[in-house]
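# Chains, contacts and geometry: an overview
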Amino acid sequence: MASGDDLQSKRFNRRTVIKGAGVAAVLAPAAGALLTSCSIGGGEETPTTSTSGGALPAAAQEIAAARELSPDDVSAALKTYTPTGKYDEFYIFASGGHSGQVLVIGVPSMRLLKVIAAFTPEPWQGFGFSDETKRVLEDGMVDGKPVTWADTHHPALSETNGEYDGQFLFINDKAHARIAVIDLRDFETKQIVKNPLIISNHGGAFVTPNTEYIIDGSQYATPFGWEYASLSEYKEKYRGAMTFWKFDRDKGRIIPEESFSIELPPYWQDLADAGKGVSDGWAFSNSFNTEMALGGDLEGKPPVEAGASQRDMDYLSIINWKKAADVVRDGKAEVINGMPIIRLDTAVNEGLLFQIPEPKSPHGVDVTPKGDFIVVAGKLDPHVTVYSFQKIQDAIAAGNVDVDEFGVPVLPYDACMEAQVELGLGPLHTQFDDKGYAYTSLLLDSALARWTVAEAGKPESWKFVDKLPVHYNIGHLSVCEGDTVAPKGRYLISLNKWSIDRFAPVGPLMPQNF
């Protein structure tokens, strides 16, 4: 989210990123986005009057009565209303899903302010029609073929010292493993790069604290370089990858020849996050389907969804990206399709890659503002699991750990886990405020949960506080600057993962998800 005042003196300086699986589009409040204060379960009531007498003017009361609005309805309207001539306090950059675009939304007004063309032609702005923008789209060709649709998924603003600096925006195309670079001086896409190793990405885009690299994690394991291999050779030929795209801030471009990837086991990767503060230099990525289930209903095997949920634990991948960059510079990487990749055995031998068991089918992984804890939300577990970065380092130093069947060290769960907090059904994503609280979306409960972020060594202090019901299946959520080293709090935006019909019968069947 971007502060309106900051816009007057700087390049775009603040934003909230709307993240997560299934991102499709930004919604106005009527279509399924809930705007609330960060004190979701209590605190002082927001006044619903603006007159010195303490009551709504008669004309306003007549309007409320004619529209059958309750006092809560009026209060909600006052919280979002932004008069003509007034700036919104913050902006949201939101993925547009299968539109292939990025949407800019004002907060608290929730007005759609701009559509930024990213991966697909956009006639209103001429993107994809001029020679210059045609070249941008051509850079995103897949295997030499033009692809003019995309699934934009996770926007990320450039950062300086872990805070948004508002200079650049990065957005991934989940369907084709591409990253777009948007310059926020003019809100235009300047570059698209296609990952030469993988087919689709989910753990992107995320930036390191000074935007040295843009993190781009695969979703489904594939043979590297878009090659074909039979599923009978899955364990031998299929792999995941975490790519670190080098970014040159002066040029405003990704530098492919200075980028690199790290090979991962053939599990499926979900979301990722970069360390910050004490954990700067490390990256974290959830993986699921450690069963390596491939379906096969006709062969009497369980469907993928069931087969991929047999184990109680999957793995959190932990990557030392700063050391990895040194390993690549030392010439210890193999080059595939022009991309240097650190192979599994090298990553293990160089101490770059570790795993920790995590509750099955994990989704969001989010680093706390100080960087000292990593929060994992497992869709099939009612808890969020909090890992201590210091405990992880201690476990690595202690050595003598187990390994998975691909030789990757697996750190002891109990030695790395700081606390678990039971929140409800279907936890997905977590954001943080400036008052020591965390907020987690609960897909199956259709609710927001608030809980306390405590100190190391005090597991009993990590506590559930309260819960706010949401009238749709919430997926992503955004707190103002809630994924930086200095969250602003102020507003929390609840985003719908699965939409609910709220239109007149002659209108759209369903609103878009985001």
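Refer to the structure presented above.
These lines cover the structure that appears in this document, whether it is placed above or below. Not measured: the values here are computed from a predicted model. Residue numbers here run from 1 along each chain, matching the order of that chain's written sequence. pLDDT decides what is reported in this predicted model: residues at 70 or higher carry local features, side-chain atom pairs at 80 or more are listed and counted, and totals for whole chains, interfaces and linings draw on all residues regardless. Water and hydrogen atoms were dropped before computing side-chain values, which therefore reflect all heavy atoms in the structure.

## Looking at the pattern of salt bridges
Any Lys or Arg side-chain nitrogen found within 4 Å of a carboxyl oxygen on Asp or Glu counts as a salt bridge. This structure, assessed with the given rule, holds 22 salt bridges. Glu163 serves as the salt-bridge partner of Lys488, at 4.0 Å between the closest nitrogen and oxygen. Placement of Lys488 in the loop between strand E31 (473-480) and strand E32 (489-498) and of Glu163 in strand E7 (residues 163-173) is noted, with a sequence separation of 325 residues between them. With a 1.4 Å probe rolled over the protein chains alone, any residue whose accessible area is under 20% of its type maximum counts as buried; one over 50% counts as exposed, and the rest are partly exposed. Residue classification places Lys488 among the partly exposed positions, given a relative accessible area of 31%. Among the residues examined, Glu163 registers a relative accessible area of 29% and is labelled partly exposed. Between Asp183 and Arg185 there is a salt bridge, with its nearest N and O atoms 2.8 Å apart. Since its relative accessible area comes to 58%, Arg185 is described here as exposed. Overlapping salt bridges, with partners in common, bring together Arg239, Glu263, Glu334 and Arg343 in one network. We count a stretch as a helix when DSSP gives it H or I for four or more residues in a row; a strand needs E for two or more, and each element gets its number in order from the N terminus.

## What to know about the sheet that holds strand E23 (residues 383-388)
One requirement defines pairing of two strands: DSSP has to find at least two bridges between them. Spatial strand order, E21-E22-E23-E26: 4 strands in an open sheet with antiparallel pairing. Two strands bound the open sheet, and with one partner strand each, they are strand E21 (362-367) and strand E26 (417-422). Recorded for the sheet is a direction-independent mean angle of 20 degrees between the axes of neighbouring strands. Working rule for contacts: check all heavy atoms of both residues, and any pair within 4.5 Å makes them a contact. To get an axis, a line is fitted to the C-alpha atoms, and for a helix only the part in contact is used. The angle between two axes follows their N-to-C directions and goes from 0 to 180 degrees. Together, strand E22 (373-378), E23 and E26 form the strand contacts of helix H8 (residues 389-398), whose direction differs from that of E23 by roughly 55 degrees.

## Focus: the side chain of Thr120
With respect to the element layout, Thr120 can be found in the loop between strand E5 (112-117) and helix H3 (131-139). With relative accessibility at 7%, the residue Thr120 sits in the buried group. Here a polar contact means two N or O atoms within 3.5 Å. Within protein one must be a hydrogen donor candidate and the other an acceptor candidate, and residues neighboring in sequence count only if both atoms are side-chain atoms. Of note is the side chain of Thr120, whose polar atom sits 2.8 Å from the backbone oxygen of Ser99. If near-sequence neighbours (up to four positions away) are discounted, Thr120 is found in contact with Ser99, Gly100, Gln101, Phe127, Leu137, Thr148, Trp149 and Ala150.

## A word on the sheet that holds strand E27 (residues 427-432)
Backbone hydrogen bonds hold the strands of a sheet together, and the pairing may be parallel or antiparallel. If you walk across this open sheet you meet the 4 strands as E27-E28-E29-E30, and the pairing is antiparallel. Only two strands of the sheet have a single neighbouring strand rather than two, namely E27 and strand E30 (464-469). Here the strands of the sheet are splayed against their neighbours by 25 degrees on average, with no regard to which way each runs. Sheet topology note: the strand E29 (residues 447-452)/E30 ladder contains 5 bridges and is antiparallel. Paired with Leu448 across the bridge in E30 is Leu468.

## Description of the packing of aromatic side chains
The criterion for an aromatic pair is that two Phe, Tyr or Trp rings (for Trp, the six-membered ring) have centres within 6.5 Å, with stacked assigned to planes under 30 degrees apart, edge-to-face to planes over 60 apart and tilted to the rest. One pass over the structure, following the stated rule, counts 18 aromatic pairs. Note on Phe90 and Tyr491: the rings are 6.3 Å apart at their centroids and 80 degrees apart in plane angle, and the pair reads as edge-to-face. Note that Phe90 is positioned in strand E3 (residues 90-95) and Tyr491 in strand E32, a separation of 401 residues in sequence. You can call Tyr491 buried: its relative accessible area is 9%. Between Phe170 and Phe247, the ring centres sit 5.0 Å apart and the planes meet at 85 degrees, which makes this aromatic pair edge-to-face.

## So, helix H6 (residues 321-329)
Within the sequence span of H6, burial applies to Trp321, Ala324, Ala325, Val327 and Val328. For H6, the arc enclosing every buried residue in end-on projection is 160 degrees, short of the 170-degree limit, so these residues lie on one face. One side-chain oxygen of the residue at the start of H6 lies 3.4 Å from the amide nitrogen of Lys322, identifying that residue as Asn320. A positive phi of about 80 degrees marks Gly331, the residue just after H6. To obtain the arc, one takes the directions from the helix axis to the C-beta atoms.

This is a description of form; function is not addressed.
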